[in-house]
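Listed below are the residues making up each chain.
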Amino acid sequence: MRYVSVRTDTSTRWGISAEGAVQLAPRGAGWADSLLELIEMGPGAASAQAERLLRGDGEARDLNSLTLLAPIPKPTRNIICLGLNYADHASESQRAKGQEVSYPEHLVVFTKATTSVTAPYAAIPVDTTITTQLDWEVELAVVIGTGGRNIPEHEAAQHVFGYTVVNDLSARDLQFCHKQFFLGKSLDGGCPMGPWITSADAIADPHDLALWCDVNGQRQQSGYTGDQIFRIPETIASLSRIMTLVPGDIIATGTPSGVGFAQDPPRFLQAGDVVECGVDGIGTIRNRIV
Ligand code: MG
């Protein structure tokens, strides 16, 4: 099941998408108003509403007549992100900074501001008076369904609503000069997401997915989610040992090697570049830098 958020001529709606068509949820009377509200209703209510849409309730529309939004355009709180979660990316990053290569023994966690979230095909403005080092990072993102504290690894899968694709756009000059990642990761438009949430039951194994990033049609990143240092169940268990996870939390699970700043010479995004990020089995987002 693919859950989408879209903008019609008149409003923002959610629905189910299949093969170029969308079944939009009706408004009012017990229906969730947004995907976030659907997730907050809990797994039983969410699947009941999705089933009703599959049976023909709601409004059938052509996907091309709608503008896709980030599936959760206004998350409840910051996007939770893992850093250095692929060994090849951890080593390229440290080598580029002239550091000795070592791999994290504990999760490296930072966040992106909610206002960085943008649509899967949105144009992304870059202000060169703020950054001249905008870099790409394709990531598989997990959307939490049922929240909780102290979620054991063997129950973590039951807390996943689904998966989406994120480009963890990173202003390296800000990321490094401010020491803390937050500002460099939180530019407006710095978190394109989508094109939809693929439900957890449609992904047999989230650690058996290829992920990739192209800039102007040239492959920059080519990774495999099975290479993550901390896998999703361990990540959910570790995070929820420290903080309560809430429905609709988005966890970006890190990027593989091939980012721009670690290349020789380093390479960054410029106005006019088109950056595409994809995860097999989920979808592709595509953004032009302007
Ligand atoms: Mg990242």
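1. What about the sheet that holds strand β17 (residues 274-279)?
Okay, so step 1: Taken together, four strands build an open sheet; the order of strands is β15-β14-β17-β18 and the sheet is antiparallel. The sheet is open, and its two edges are formed by β15 (218-224) and β18 (283-288), each paired on a single side. Taking the axes of each pair of neighbouring strands and ignoring which way they run, one obtains an average angle of 10° across the sheet.

2. Some remarks on the nonpolar core
Okay, so step 1: With 33 residues, the main nonpolar core has Tyr-163, Ile-236, Leu-269, Val-275 and Ile-282 as its most contacted residues.
Okay, so step 2: Of all the secondary-structure elements, those providing two or more residues to this core are β10 (138-144), β11 (160-167), β14 (210-215), α5 (232-242) and β17.
Okay, so step 3: Setting aside anything within four residues of it in sequence, one finds Ile-236 in contact with Ile-144, Ile-151, Ala-156, Val-160, Leu-245 and Ile-251.

3. Examining the coordination of the magnesium ion
Okay, so step 1: Within the protein, the atoms that donate to the magnesium ion are Glu-137 (OE), Glu-139 (OE) and Asp-168 (OD), at distances of 1.9 to 2.1 Å.
Okay, so step 2: Read in sequence order, the donor residues for the magnesium ion give the motif E-x1-E-x28-D. Placement of Glu-137 in the loop between β9 (134-135) and β10 and of Asp-168 in the loop between β11 and β12 (170-171) is noted, with a sequence separation of 31 residues between them.
Okay, so step 3: In this structure Glu-137 comes out as buried when scored by relative accessible area, which is 4%.

4. A look at helix α3 (residues 87-96)
Okay, so step 1: All of the buried residues along α3 are His-89, Ala-90, Ser-91, Glu-92, Ser-93 and Gln-94.
Okay, so step 2: Once α3 finishes, Gly-98 follows within two positions and takes phi at roughly 70°, a positive value.

5. With respect to the pattern of salt bridges
Okay, so step 1: Tallied over the entire structure, the rule returns 11 salt bridges.
Okay, so step 2: With a shortest N-O distance of 3.3 Å, Lys-185 and Glu-137 are connected by a salt bridge. One end of the pair, Lys-185, is in the loop between α4 (172-177) and β13 (191-199); the other, Glu-137, is in the loop between β9 and β10, and 48 residues separate them in sequence. Here the two residues Lys-185 and Glu-137 agree in accessibility, since each one is buried.
Okay, so step 3: Here Asp-214 and Arg-219 are joined by a salt bridge, their closest N and O atoms 2.6 Å apart.
Okay, so step 4: A cluster of three or more residues bridged by salt bridges with shared partners is formed by Lys-112, Asp-135, Glu-137, Asp-168, Arg-172 and Lys-185.

6. Some details on the environment of Asp-188
Okay, so step 1: The topology assignment puts Asp-188 in the loop between α4 and β13.
Okay, so step 2: For the pair Asp-188 and Thr-118, spaced 70 residues apart in sequence, the C-alpha to C-alpha distance is 8.0 Å.
Okay, so step 3: Apart from the residues lying within four places of it in its own chain, the contact partners of Asp-188 are Thr-115 and Ser-116.

7. What to know about the pairing of strand β2 (residues 12-18)
Okay, so step 1: Taken across its seven residues, β2 has five buried, putting it largely inside the fold.
Okay, so step 2: Pairing between strand β1 (residues 2-7) and β2: six bridges, direction antiparallel. Looking across to β2, one finds that Arg-2 is bridged to Ser-17.
Okay, so step 3: Remark: four residues form the turn of the hairpin made by β1 and β2, two consecutive strands paired antiparallel.
Okay, so step 4: Pairing between β2 and strand β3 (residues 21-24): four bridges, direction antiparallel. Its bridge partner being in β3, Ser-17 is matched across the sheet by Val-22.
Okay, so step 5: What sits between β2 and β3 in their antiparallel hairpin is a turn of two residues, with Glu-19 showing a positive phi close to 45°.

What counts and what doesn't
Residues numbered from 1 in each chain as written. Predicted model: local features only at pLDDT ≥ 70, side-chain atom pairs only at ≥ 80, totals over all residues. Heavy atoms only, no water. Pairing = 2+ DSSP bridges. Helix = DSSP H or I, 4+ residues; strand = E, 2+ residues; numbered from the N terminus. Axes fitted to C-alpha atoms, helices over the stretch in contact; angles between N-to-C directions. Core = buried A, V, L, I, M, F, W, Y, C linked by side-chain atoms within 4.5 Å. Buried < 20%, exposed > 50% of the residue type's maximum accessible area, 1.4 Å probe, protein only. Contact = heavy atoms within 4.5 Å. Donors = N, O, S within 2.8 Å, 3.2 Å for Na, K, Ca; no water. Salt bridge = Lys/Arg side-chain N within 4 Å of Asp/Glu carboxyl O.

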